[in-house]
Amino acid sequence: MQTYWLKTKAANGSKPSKSKSDMTILEETVESSEDGDHSSGFYADDNLDLDDTDIMTKTERLVEWNVEVLTPLLQQILASRGGDVAPKDPSLLQKEATIGTGETVLEEFVPIIQLKRFDAAELSKRLNATSIDIGEEAKTQLRNYLANVASMYQDNPFHNFEHASHVTASVKKLLTRIVNVDDGNGLSTPTDKIDLVDMAGHSYGITSDPLTQFSVVFSAIIHDMDHPGVPNARLVKENTRNAQIFKKSVAEQNSVELAWAMLMSEEYGALRACIYHTEDDLRRFRQLVVNTVMATDIVDKELQALRKARWETAFAKTPIQDASLSSDDCKATI
């Protein structure tokens with residue numbers, strides 16, 4: 001699969017006006033069977049001057065595209081907490097330094113993640129995300145972070161940063177189908193008046209939880225960082241350094257470790273403040289990233305069995321007996 005950027009000119013040679021379609025070229029490579037509708041709350045304002053693409057490398061263009069994918073999701077996170085950017089929990093710095101330490105990434109995996117629930121009153125007061133400004137500092141840090149992520153992808157024929165961006169485009173489109181209620185999306189008819197609780201309910205809570213949406217897209221971008229280009233079984237057989245550390249799901253665990261350690265560094269404080277501002281949000285973000293990236297290991301037999309069992313539990317004909325396993329959380333985790 002190859003990514004192309006198209007720059008058009010009017011018949012008289014003048015520069016055409018920009019439109020949102022300028023930033024959807026990457027999606028076209030993964031949506032040949034789709035209806036071509038790109039309207040979505042995921043889009044930010046088109047800040048990329050496409051007239052400069054002649055002097056941008058492919059990687060720089062991919063980085064800029066990913067910035068434009070993640071920025072609106074950060075706006076939605078801020079809107080969900082009243083536009084607040086600054087961390088409120090004074091112990092958050094200490095928690096950031098210790099979360100995810102002491103065990104392997106795979107050992108952090110949990111079968112079911114409890115999503116945050118919002119009631120109708122809270123949802124009705126939520127700010128319009130497009131009115132939220134994440135700030136130049138946070139956006140610069142986001143761009144720098146993604147550029148560093150790109151630099152840590154190896155020059156593999158498949159597991160490279162272009163592949164990660166293709167996966168991100170696919171995830172973004174799938175999430176759009178889930179969270180965009182404008183076209184009905186499985187709700188009775190598109191013209192029905194949709195209650196705010198239904199907006200959350202039809203997607204098992206994903207629609208009303210922007211942190212979950214951000215985490216899934218973020219995971220798509222980082223899921224193959226530093227991938228050596230060979231299967232995990234080969235890494236284990238050759239007893240590589242990472243294989244000695246992680247034992248199984250070697251490439252996936254390594255990607256999480258590298259991406260998380262970089263995000264927690266001092267230079268990305270403003271970006272982290274946009275993603276979470278409480279210990280609970282931090283822990284939930286970490287868990288979502290771990291589970292999502294580990295789900296990309298589709299070869300490991302044990303993980304396959306867990307996914308199959310989780311599906312059978314979530315969509316069983318009889319109600320779930322274990323009170324600790326919310327049916328909605330079980331389905332949303334899948």
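Bear in mind that the values here come from a model prediction, so they are computed numbers and not experimental data.

## Focus: the overall build of the protein
Counting its regular elements, the protein contains 16 helices and 0 strands. Looking at the protein residue by residue over its 334 residues, the buried ones come to 46%. When the accessible surface of the protein is totalled, it reaches about 17,100 Å², and 53% of it is carbon and sulfur.

## Details of the packing of aromatic side chains
When we look at a pair of aromatic rings, we describe it by the centre distance and by the angle of the planes. Applying the stated rule across the entire model yields 8 aromatic pairs. For the pair Tyr 145 and Phe 218, a centre-to-centre distance of 5.9 Å together with 20° between the ring planes defines the contact as stacked. Of this pair, Tyr 145 sits in helix H6 (residues 136-151) while Phe 218 sits in helix H9 (residues 210-222), and the two are 73 residues apart along the sequence. Judged by its relative accessible area of 4%, Phe 218 falls in the buried class. Put simply, the rings of Tyr 145, Phe 214, Phe 218, Trp 260, Tyr 268, Tyr 276 and Phe 285 pair up and form one aromatic cluster.

## A closer look at helix H7 (residues 161-179)
The end-to-end C-alpha distance of H7 is 26 Å, a good match for the 27 Å that 19 residues give at a rise of 1.5 Å each. The buried fraction of H7 amounts to 14 of the 19 residues, a majority that puts the element mostly inside the structure. The distance from a side-chain oxygen at the start of H7 to the backbone nitrogen of Glu 162 is 3.2 Å, and the residue carrying that oxygen is Asn 160.

## Digging into the packing of helix H12 (residues 250-263) against helix H14 (residues 279-294)
In helix packing, the relevant descriptors are the interaxial angle and the interaxial distance, both defined with respect to the helix axes. Running from N to C, H12 and H14 cross one another at 150°; their axes reach a closest spacing of 9 Å. By the angle between their axes, H12 is roughly antiparallel relative to H14. The crossing of H12 and H14 is right-handed. Listed contacts from H14 to Glu 252, Gln 253, Val 256, Trp 260 and Leu 263 of H12 are Leu 282, Phe 285, Arg 286, Val 290, Val 293 and Met 294. A breakdown of the residues in the contact of H12 with H14 according to their chemical character gives 8 nonpolar, 1 polar and 2 charged.

## Some words on the pattern of salt bridges
Going through the model one piece at a time under the given rule, you end up with 12 salt bridges. Where Lys 95 meets Glu 279, a salt bridge forms, and the shortest distance between an N and an O atom there is 3.8 Å. You can see Lys 95 sitting in helix H3 (residues 92-98) and its partner Glu 279 sitting in helix H14, a full 184 residues away along the chain. A relative accessible area of 22% places Glu 279 in the partly exposed class.

## Focus on helix H2 (residues 58-80)
Compared with an ideal rise of 1.5 Å per residue, which puts 23 residues at 33 Å, H2 spans 34 Å between its outermost C-alpha atoms and is within 8% of the ideal. For H2, the tally of buried residues reaches 19 of 23 residues, placing the bulk of the element in the interior. Where H2 terminates, the next one or two residues include Gly 82, which has phi positive at roughly 75°.

## Some remarks on the side chain of Asp 300
Within the secondary structure, Asp 300 sits in the loop between H14 and helix H15 (301-314). Looking at Asp 300, the relative accessible area reads 14%, which means it is buried. Looking at Asp 300, its side chain comes within polar contact range of the main-chain nitrogen of Glu 302, at 3.1 Å. A polar atom in the side chain of Asp 300 sits 2.9 Å from the backbone nitrogen of Leu 303. Once you skip the residues sitting within four places of it in the chain, Asp 300 turns out to touch Lys 248 and Ser 249.

## Observations regarding the nonpolar core
Ranked by internal contacts, the top residues of the largest apolar core, which has 61 residues, are Tyr 145, Ile 222 and Phe 285. Mapped by element, the contributors of at least two residues to this core are H2, helix H4 (105-108), H6, H7, H9, H12, helix H13 (269-275) and H14. Here the element with the most residues in this core is H2; it accounts for 11 residues. With residues up to four places along the chain from it excluded, the contact list for Tyr 145 reads Phe 218, Ile 222, Ala 259, Met 262, Leu 263, Tyr 268 and Leu 271.

## Some remarks on the environment of Ala 251
If you trace the backbone, Ala 251 turns up in helix H12. When the C-alpha atoms of Ala 251 and Val 230 are compared, they prove to be 9.1 Å apart, with 21 residues separating the residues in sequence.

## Some details on the environment of Phe 214
For Phe 214, the location among the structural elements is in helix H9. Between the C-alpha atoms of Phe 214 and Leu 288, which are 74 residues apart in sequence, the distance is 9.6 Å. Not counting residues up to four positions away in its chain, the partners in contact with Phe 214 are Leu 70, Leu 73, Leu 74, Ile 77, Ile 275 and Phe 285.

## Brief notes about the confidence of the model for the protein
Here the protein averages 79 in pLDDT, and 70% of its residues register 70 or above. Confidence, expressed as mean pLDDT per element, reaches its minimum in the protein at helix H1 (residues 25-28) with 47 and its maximum at H6 with 98. Counted against residues more than four places away or in other chains, residues 27-46, with its pLDDT under 50, gives 48 contacts. In the model, residues 183-194 has pLDDT below 50 throughout and makes 14 contacts with residues more than four positions away in sequence or in other chains.

Here is what the cut-offs are and how they apply
Residues numbered from 1 in each chain as written. Predicted model: local features only at pLDDT ≥ 70, side-chain atom pairs only at ≥ 80, totals over all residues. Heavy atoms only, no water. Helix = DSSP H or I, 4+ residues; strand = E, 2+ residues; numbered from the N terminus. Buried < 20%, exposed > 50% of the residue type's maximum accessible area, 1.4 Å probe, protein only. Areas by Shrake-Rupley, 256 points an atom, 1.4 Å probe, with all protein chains shown as cover. Phe/Tyr/Trp six-rings, centres within 6.5 Å; stacked < 30°, edge-to-face > 60°. Expected span 1.5 Å × (residues − 1). Polar contact = N/O pair within 3.5 Å; in protein donor to acceptor, adjacent residues only side chain to side chain. Axes fitted to C-alpha atoms, helices over the stretch in contact; angles between N-to-C directions. Parallel < 35°, antiparallel > 145°, perpendicular 65-115°, else oblique. Left-handed = near helix turned anticlockwise from the far one by under 90°. Contact = heavy atoms within 4.5 Å. Nonpolar A, V, L, I, M, F, W, Y, C, P; charged D, E, K, R; others polar. Salt bridge = Lys/Arg side-chain N within 4 Å of Asp/Glu carboxyl O. Core = buried A, V, L, I, M, F, W, Y, C linked by side-chain atoms within 4.5 Å. pLDDT = per-residue confidence, 0-100.

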